[in-house]
Amino acid sequence: FDLRDWRHLGFFNTQASRIEMHLQAERDVVVPAGDGAPLHFRAGACIHTENSWKYTVEAFSALLASAGFADARCWTDARGWFAVFLAR
């Protein structure tokens, strides 16, 4: 991949409650592949590269409980923007 052919797109998907990362082709791009068959991307085509899920403290606590974790403890920053959990 030639980085000059791509731009980074990052946005918050409110419906899925996650940050999504994508690469978008700036122009028509041909990328060589290991098996010899090149990959073709049209200008504007996106590759979805990453998700970063976001949970409320309550939702993540419920997720831990449903997975069988007990005695969950949680610490947050002063604004409540970030949380760290300890569960057993």
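Residues numbered from 1 in each chain as written. Predicted model: local features only at pLDDT ≥ 70, side-chain atom pairs only at ≥ 80, totals over all residues. Heavy atoms only, no water.

**Some details on unusual backbone geometry**
Then, number 1: Of note, the phi angle at S17 is positive, near 55°, even though the residue is not glycine.
Then, number 2: With respect to the element layout, S17 can be found in the loop between β1 (6–13) and β2 (18–25).
Then, number 3: In this structure, D71 is a non-glycine residue whose phi angle is positive, near 55°.
Then, number 4: Take D71: it is sitting in the loop between α1 (57–66) and β6 (73–76).
Then, number 5: Residue classification places D71 among the exposed positions, given a relative accessible area of 62%. (Helix = DSSP H or I, 4+ residues; strand = E, 2+ residues; numbered from the N terminus. Buried < 20%, exposed > 50% of the residue type's maximum accessible area, 1.4 Å probe, protein only.)

**A word on the environment of Q24**
Then, number 1: Inspection of the secondary structure puts Q24 in strand β2.
Then, number 2: In sequence terms Q24 and L64 are 40 residues apart; their C-alpha atoms lie 35 Å from each other.
Then, number 3: When neighbours within four sequence positions are excluded, Q24 is seen to be in contact with D5, W6, R7, L9, G44, A45 and C46.
Then, number 4: Side chain to side chain, Q24 and R7 meet in a polar contact 2.8 Å long. (Contact = heavy atoms within 4.5 Å. Polar contact = N/O pair within 3.5 Å; in protein donor to acceptor, adjacent residues only side chain to side chain.)

**What to know about the pairing of strand β7 (residues 83–86)**
Then, number 1: As paired strands, β6 and β7 are joined by four bridges and run antiparallel to one another. By the bridge assignment for β7, C74 is matched with F85. (Pairing = 2+ DSSP bridges.)

**Section: the sheet that holds β1**
Then, number 1: Overall, antiparallel pairing links the three strands, which are arranged β1-β2-β5 in an open sheet. Sheet topology places β1 and β5 (46–53) at the edges, where each strand pairs with a single neighbour. Taken pair by pair, the neighbouring strands of this sheet meet at an average axis angle of 20°, ignoring direction.
Then, number 2: For β1 and β2, the ladder comprises eight bridges, and the chain directions are antiparallel. When the sheet's bridge partners are listed, H8 is paired in β2 with L23. (Axes fitted to C-alpha atoms, helices over the stretch in contact; angles between N-to-C directions.)

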